[in-house]
Amino acid sequence: KGAGDASGTIVLWAEITIMLTSPLWGALSDRVGGRYVNVCGFMIASAAFTLTPHAPSLPLLTLTRCFFAVGAASLGTTISSLLSDTVLRADKGKGSALAGVASSFGAVFAALVLLRIPSIVERAAVPRIPGVMVPIQCAYYTTALVALSAAAAGWLHLLR
């Protein structure tokens, strides 16, 4: 199998995972509140980012990506309920627009900052460890910290 086949397999299973878990997250959000589901999603994403660089095979890499997808599903599910809980009716359009801008900002931040971490680490002449991809691990660990920070911010600032 080539890299394209592997990537396609990982994305396929991750998307199936999102389709299967989104309804469960939605029902849980209605029961316990979007804040808890949102924070849980960021924590799952953080854990998945921490595990991913240690996956030694395609099946385990697919599993870690599916684990991330479980967390991502909760985030996609709760954005609507959090908007309805936190934004005044007259400002729903503005709230949705702000959510869209924030989502796009996250994608741009990932592309301009997080995806550049491996090359930054390599240029910093970090000591090499045989069999360990230190630059890749640094990128995943940094992303895990960003997700964990988002979980903490959600816990502290979203409506209770």
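Anyway, here's the lowdown on the structure attached to this text. Bear in mind that the values here come from a model prediction, so they are computed numbers and not experimental data. (Residues numbered from 1 in each chain as written. Predicted model: local features only at pLDDT ≥ 70, side-chain atom pairs only at ≥ 80, totals over all residues. Heavy atoms only, no water.)

### Some points on the overall build of the chain
Within the chain, the secondary structure is distributed over six helices and zero strands. Written out in order from the N terminus, the α and β elements of the chain read α-α-α-α-α-α. With the C-alpha coordinates aligned to their principal axes, the bounding extent of the chain is approximately 55 × 35 × 25 Å. Each of the 160 residues in the chain was classed as buried or not, and the buried ones make up 31%. Expressed as a percentage of contacts within the chain between residues at least 6 apart in sequence, the contacts between residues at least 24 apart total 68%. In the form shown here, the chain has an accessible surface area of approximately 10,000 Å², with 71% of it arising from carbon and sulfur atoms. (Helix = DSSP H or I, 4+ residues; strand = E, 2+ residues; numbered from the N terminus. Buried < 20%, exposed > 50% of the residue type's maximum accessible area, 1.4 Å probe, protein only. Contact = heavy atoms within 4.5 Å. Areas by Shrake-Rupley, 256 points an atom, 1.4 Å probe, with all protein chains shown as cover.)

### Topic: helix α2 (residues 34–51)
Between its first and last C-alpha atoms α2 spans 26 Å; for 18 residues at 1.5 Å apiece the expected length is 26 Å, and the two agree. Looking at the buried side of α2, the elements it contacts are α1 (3–32), α3 (58–86) and α6 (134–157). (Expected span 1.5 Å × (residues − 1).)

### Description of the packing of aromatic side chains
A full pass over the atoms with the stated rule returns four aromatic pairs. Relative to Tyr140, the ring of Phe49 lies with its centre 6.3 Å away and its plane at 45°, an arrangement referred to as tilted. Taken together, the residues span a long stretch of sequence, with Phe49 in helix α2 and Tyr140 in helix α6 at a distance of 91 residues. Look at Phe49 and you get buried, because its relative accessible area is 18%. Taking 6.3 Å as the distance between ring centres and 25° as the angle between the ring planes, the aromatic pair formed by Phe105 and Phe109 counts as stacked. Pair noted here: Phe105 and Phe109 are both in helix α4 (residues 92–112), with a separation of four residues, about one helical turn. An aromatic cluster of three or more residues is present, and its members are Phe49, Phe68 and Tyr140. The aromatic ring of Tyr36 is capped on one face by Arg35, whose charged end is 5.4 Å from the ring centroid. Geometry around Trp155 places Arg35 over its ring, the cationic atom sitting 3.7 Å from the centre. (Phe/Tyr/Trp six-rings, centres within 6.5 Å; stacked < 30°, edge-to-face > 60°. Lys NZ or Arg CZ within 6 Å of the ring centre and 35° of its normal.)

### Side note on the side chain of Thr78
Mapped onto the elements, Thr78 comes out in helix α3. Judged by relative accessible area, which is 0%, Thr78 ranks as buried. A distance of 3.1 Å separates a polar atom in the side chain of Thr78 from a polar atom in the side chain of Asn38. Within polar-contact distance, the side chain of Thr78 engages the backbone oxygen of Leu75 at 3.4 Å. Dropping the residues within four chain positions of it, Thr78 is found in contact with Ser29, Gly34, Val37 and Asn38. (Polar contact = N/O pair within 3.5 Å; in protein donor to acceptor, adjacent residues only side chain to side chain.)

### Side note on the layout of surface pockets
Of the voids in this model, the largest pocket is the one considered here, and its volume is about 1,700 Å³. Counting only elements with at least two residues in the lining of the largest pocket, the list comes to α1, α2, α3, α4 and α6. Considering each element in turn, the lining of the largest pocket owes the most residues, 12 residues, to α3. Across the lining of the largest pocket, the residue classes break down as 33 nonpolar, 13 polar and one charged. (1 Å grid on protein atoms, 1.4 Å probe; cavity = no way out; pocket = protein on both sides within 12 Å on 5 of 7 lines; lining within 4 Å. Points joined across faces, edges and corners; volume = space filled by probe spheres on them. Nonpolar A, V, L, I, M, F, W, Y, C, P; charged D, E, K, R; others polar.)

### Structural notes on the packing of α3 against α4
At a minimum axis distance of 10 Å, the contact between α3 and α4 shows a crossing angle of 140°. With respect to α4, the axis of α3 lies oblique. Two packed elements cross with a definite hand, and for α3 against α4 that hand is right-handed. Residue-level inspection shows Ile79, Leu83 and Ser84 of α3 in contact with α4, the latter providing Lys92, Gly95, Ser96 and Ala99. (Axes fitted to C-alpha atoms, helices over the stretch in contact; angles between N-to-C directions. Parallel < 35°, antiparallel > 145°, perpendicular 65-115°, else oblique. Left-handed = near helix turned anticlockwise from the far one by under 90°.)

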